[in-house]
Amino acid sequence: MQSKSFSDMKKNILLIILSLIIFQDFKAQNIFPAIIPNPVSIEISKDKFEFSKQTRIYSANPKLVSEIQTFNSIFSKHYGFKLIVENKIPKNEFIELIYSDKLAKEAYQLSMTSKKITISGDEAGIFYGLQSFMQMLPPKIEDKIQINCVNINDYPRFSWRGMHLDVSRHFFSKEFIFKYLDYMSEYKLNTFHWHLTDDQGWRIEIKRYPLLTQLGAWRKGTLIGHASDAEIISDTTAYGGFYSQNDIREIVAYAKKLHITIVPEIEMPGHVMATIRAYPFLSCNGGQTEVATTWGVFNQIFCTKDTVFDFIQNVLLEVIELFPGTYIHVGGDECPKNNWKKCSVCQARMKSEGLKDEEELQSYFIRRIEKFLTKHNRKLIGWDEILEGGLAPNAAVMSWRGFEGGKKAAQEGHYVVMTPGSHCYFDHYQGDPTNEPLAIGGYTTIEKVYSFEPMPDSLSDSQQKFILGAQANLWTEYISNEKQVEYMIFPRLCALAEVDWTPINRKNYEDFRQRLLKHFDFFDTRGINYAKSIFEIKKTIICDTINRNINLQLSQAFPMGEIMYYVVNNFTYKSEIKKYTSPIPIIENCEIFAEVRDKNGDIRGKAEQKFVISKTSGATINLTYPPSSYYNYGGAYTLLDGVSGRIPWNGKEWLGFSNTPLEAVVDFGKIQKIKSVSVHTLIAEASWIYLPKKLKVEVSIDGKNFIPYGELNSDDINKIGRLLKIEKAITKARYVKILVERAGIISSGKPGEGQNAWLFVSEIEIN
């Protein structure tokens, strides 16, 4: 028995090795299908299926007539013709669809021979199987083509595979919403979170309250530039739009054909400036207000009087009639309580309901809406702030402020959609901000999206069932047109699709990138304005603490040609253009420009980087407290790399601290003369980032005994602004200790009210 077992084991090992060799051989020949998201299992043979404009599609089951029609509609958009539909089994090459309720929901099996393609599953499974088949085709079909035969067994990892779109900050046409749904369906995403109302516009027709669209759907202007600019100004061009109920019915019906459920979001109790513009009685003071023309968080929120709840319930009745899905999203985020604290009605409500504070009043508000939705066979979902003060019993949570809210909700038995800003906010920069269109901030590359794991490992098996899946959010403060929407979602949407669908053991970023290249061909053929940042020249700053200098390393994830560069020394003298062969030493103030051109001379990647050199360049640094894992792209040496963080900010050039101060000790390696210490900080209140309240600097010869060098208090800092500088008579020291204290708790009426203010620091310069 031992001998036979050992023999079987050897055979299995040989089979595994052989299959890997065959796999790599197929990859090398570029015939392995580039399906995204990667299927659960896929086997390939050397048989081929001949596909042409004469290929038939057939099903004996009337349930699948709609699937054939929908697929043919999508197919014809891309290829200009439809497959011939047969009512009986064709004689020549054809696709057969077989309805099966024996597979899991949304699962499919796809098998191929040289004569036939068979796809089995329920309606959704058939649809996804056809999407996988279409990805096996080339971007254009002129004549007959040969497709390598495969066998696929596939099913999704998560049931909620979502994309969000904010149409309040900027409005997008009904036709583009159809296109957005197409994009989702082609990558097997099945939940569209439609953000329909906010401070900057109400976008859904409500018959009972016509002023919502007559007044609330229009603003008098829009912010110019960025919310972090020193001067906040708006233009004076009226802006707006809304979807009629007929529009929405069309969109819902279209989404249903694509097996997409729409989750509408009606914001409450905050983010309601546009709502109150239409009906001032909804506010605590009843005063007139305007639809917001800038971004951020505003004090105006719904009052808690009964007439407000009557209004909300009447609105929700029409929303429920329009959207047949299970969930209604009620927002619940970023709700300043300042007006509630001053409102006699709200204070009386707290007293009559036995509520100890305004957080519990918000919980009361959400619970009351949740009971109403439950009564009408719907479920409430909201952003993770609805956890504050206690969560309604049947409510679900979208965890956007990290992972903790989602974990807490799952541990309490609530369903959760993971959508942390660190990985799932597609309004963030995805490449070097120098080469990108204006964005809100942040830095979320396609690689970071792909690395996202929605299932917290700290949850027990019984708690894991409450994680429904993951979703990416596209907020549109800085996205004003449809082409820019495409740019921000592609190719990151493809990475999200694989996070949501593909088993962990089938995920591999290098393999994903290779498959993605074929999809770039699809995007090009179909005129999709996708981001090319995956081709950009990657800049890595190497801090050499041995030789006490810094170097710039250049590379490309997908090499497209030779990297050429030149240096502008002291921002004045331009060097000759050189071929990049090794890291570039940075020995003085300079700016480096680099680019890659393909064989046709077209630019396929570029980079530029400015350096300001000081005594800290190449020094050693130790942090007492680590920065937040969300804003720690380059580690502690981000503070000494000669690069000042740009405005608007991005997460690549800054270290962020939300619970601790920044305390750093810089070691020059030898005693140096010091005449100034500068710290680059950031203020971006819309993103909860505030100036520090204190800067304290100490110096030491031996690293043990530190003496004061200088200090700035809150008043000093508010006068100086972002670049904090302490200058003194020349002092000698080897070690410099820098303490930068956070601003503390964000005050009432500000974005992030009641939360810890973030401290962002990009560079420490010592001269």
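Keep in mind the model is a prediction, meaning the values are calculated, not measured. (Residues numbered from 1 in each chain as written. Predicted model: local features only at pLDDT ≥ 70, side-chain atom pairs only at ≥ 80, totals over all residues. Heavy atoms only, no water.)

Draft legend 1. Main features of the overall build of the protein. Along the backbone of the protein there are 19 helices and 38 strands. Along the first, second and third principal axes, the C-alpha set of the protein runs to 95 × 70 × 65 Å. By residue count, 57% of the 767 residues in the protein fall in the buried class. Surface accessibility of the protein: about 32000 Å² in total, with carbon and sulfur atoms responsible for 50%. Computed over 91 positive and 89 negative side-chain charges, the separation of the two mean positions in the protein equals 2 Å. (Helix = DSSP H or I, 4+ residues; strand = E, 2+ residues; numbered from the N terminus. Buried < 20%, exposed > 50% of the residue type's maximum accessible area, 1.4 Å probe, protein only. Areas by Shrake-Rupley, 256 points an atom, 1.4 Å probe, with all protein chains shown as cover. Lys, Arg positive; Asp, Glu negative; His and termini not counted. Charge placed at Lys NZ, Arg CZ, Asp CG, Glu CD.)

Draft legend 2. Layout of the pairing of strand 34 (residues 662–681). Here strand 32 (residues 620–623) runs beside strand 34; their pairing, made up of four bridges, is antiparallel. What sits directly across from Ile621, in strand 34, is Val666. As paired elements, strand 34 and strand 37 (residues 723–741) share 14 bridges and run antiparallel to each other. By the bridge assignment, Asp667 is partnered in strand 37 with Tyr735. Pairing between strand 34 and strand 38 (residues 759–766): five bridges, direction antiparallel. From the neighbouring strand, His680 faces strand 38, where its bridge partner is Glu763. (Pairing = 2+ DSSP bridges.)

Draft legend 3. Here's a closer look at the packing of aromatic side chains. Within the structure shown, the criterion is met by 50 aromatic pairs. Each residue in the set Phe171, Phe172, Phe176, Tyr180, Phe192, Trp194, Tyr243 and Phe323 is aromatic and connected to the rest through ring pairs, giving one cluster. Seen from the ring of Phe309, Arg368 lies directly overhead, with NZ or CZ sitting 4.1 Å from the centre. The side chain of Arg513 reaches across the aromatic face of Phe558, ending 4.9 Å from its centre. (Phe/Tyr/Trp six-rings, centres within 6.5 Å; stacked < 30°, edge-to-face > 60°. Lys NZ or Arg CZ within 6 Å of the ring centre and 35° of its normal.)

Draft legend 4. Region of interest: the sheet that holds strand 24 (residues 537–544). The three strands lie next to each other as 24-25-29, forming an open sheet whose pairing is antiparallel. Where the open sheet ends on each side, the last strands, each with one partner, are strand 24 and strand 29 (584–586). Ignoring which end each strand starts from, the neighbouring axes of this sheet average 30° apart. Note that strand 25 (residues 549–556) and strand 29 share three bridges and pair antiparallel. (Axes fitted to C-alpha atoms, helices over the stretch in contact; angles between N-to-C directions.)

Draft legend 5. Main features of empty space enclosed by the protein. In the structure shown here, the tally under the stated rule is three cavities of 30 Å³ or more. Taken together, His78, Gln131, Met134, Gln135, Glu186, Tyr187, His519, Phe522 and Arg526 form the lining of the largest cavity. Listing elements by their share of the lining of the largest cavity, those giving two or more residues are helix 3 (123–135) and helix 18 (509–526). Within the lining of the largest cavity, the residues separate by chemical class into three nonpolar, four polar and two charged. Empty space within the second largest cavity amounts to approximately 60 Å³. In terms of lining, the second largest cavity is formed by Trp202, Ile266, Glu267, Met268, Thr275, Phe302, Phe311, Ile312, Val315 and Leu316. Secondary-structure elements contributing two or more residues to the lining of the second largest cavity are strand 16 (261–268) and helix 8 (306–322). Ranked by the residues each element gives to the lining of the second largest cavity, the list is headed by helix 8, at four residues. When its residues are assigned to classes, the lining of the second largest cavity shows eight nonpolar, one polar and one charged. (1 Å grid on protein atoms, 1.4 Å probe; cavity = no way out; pocket = protein on both sides within 12 Å on 5 of 7 lines; lining within 4 Å. Points joined across faces, edges and corners; volume = space filled by probe spheres on them. Nonpolar A, V, L, I, M, F, W, Y, C, P; charged D, E, K, R; others polar.)

Draft legend 6. Structural context of the layout of surface pockets. A volume near 740 Å³ is recorded for the second largest pocket. The wall of the second largest pocket is formed by 24 residues, among which Lys105, Glu106, Asn190, His259 and Thr261 lie closest to the centre. Among the secondary structure elements, those contributing two or more residues to the lining of the second largest pocket are helix 6 (245–257) and strand 16. Sort the elements by how many residues they give to the lining of the second largest pocket and strand 16 lands first, with three residues. Across the lining of the second largest pocket, the residue classes break down as 11 nonpolar, seven polar and six charged.

Draft legend 7. View of the pattern of salt bridges. In this structure the tally under the stated criterion is 35 salt bridges. Of the charged contacts in the structure, one is a salt bridge between Glu388 and Arg401, with a shortest N-O distance of 3.3 Å. Taken together, the residues span a long stretch of sequence, with Glu388 in the loop between strand 18 (379–383) and strand 19 (396–399) and Arg401 in the loop between strand 19 and helix 12 (404–411) at a distance of 13 residues. The closest approach of N and O atoms between Lys579 and Glu562, which form a salt bridge, is 3.1 Å. Of this pair, Lys579 sits in strand 28 (residues 578–579) while Glu562 is found in the loop between strand 25 and strand 26 (563–569), placing the two residues 17 residues apart along the sequence. Taking relative accessible area as the criterion, Lys579 reaches 45% and is therefore assigned partly exposed. On the basis of relative accessible area, Glu562 is assigned to the partly exposed category, the value being 48%. Via salt bridges that share partners, Asp166, Arg169, Asp198 and Glu477 belong to a single interconnected network. (Salt bridge = Lys/Arg side-chain N within 4 Å of Asp/Glu carboxyl O.)

Draft legend 8. Here's a closer look at unusual backbone geometry. In this model, Ile36 is joined to Pro37 through a cis peptide bond whose omega is 0°. A cis amide bond links Phe490 with the next residue in sequence, Pro491, at an omega value of 10°. Inspection of the secondary structure assignment puts Pro491 in the loop between helix 16 (482–489) and helix 17 (492–501). With a phi angle near 60°, Arg548 is a residue other than glycine that sits in the positive phi range. Considering the arrangement of structural elements, one finds Arg548 in the loop between strand 24 and strand 25. For Phe571, which is not a glycine, the phi torsion comes out positive at approximately 60°. Of note, Phe571 is situated in the loop between strand 26 and strand 27 (573–574). For Phe571, a relative accessible area of 35% translates into the label partly exposed.

Draft legend 9. View of the confidence of the model for the protein. Within the protein, residue pLDDT values average 92, and 96% of them lie at 70 or more. This stretch, residues 1–29, has a pLDDT under 50; its non-local contacts, to residues over four places away or in other chains, come to 11 contacts. (pLDDT = per-residue confidence, 0-100. Contact = heavy atoms within 4.5 Å.)

Draft legend 10. Quick peek at the pairing of strand 23 (residues 467–472). Of all six residues that make up strand 23, six are buried, and the element is covered over most of its length. Relative to strand 23, strand 8 (residues 160–166) is paired through four bridges, and the arrangement is parallel. Note that in strand 23 the partner of Arg161 across the bridge is Ala470.

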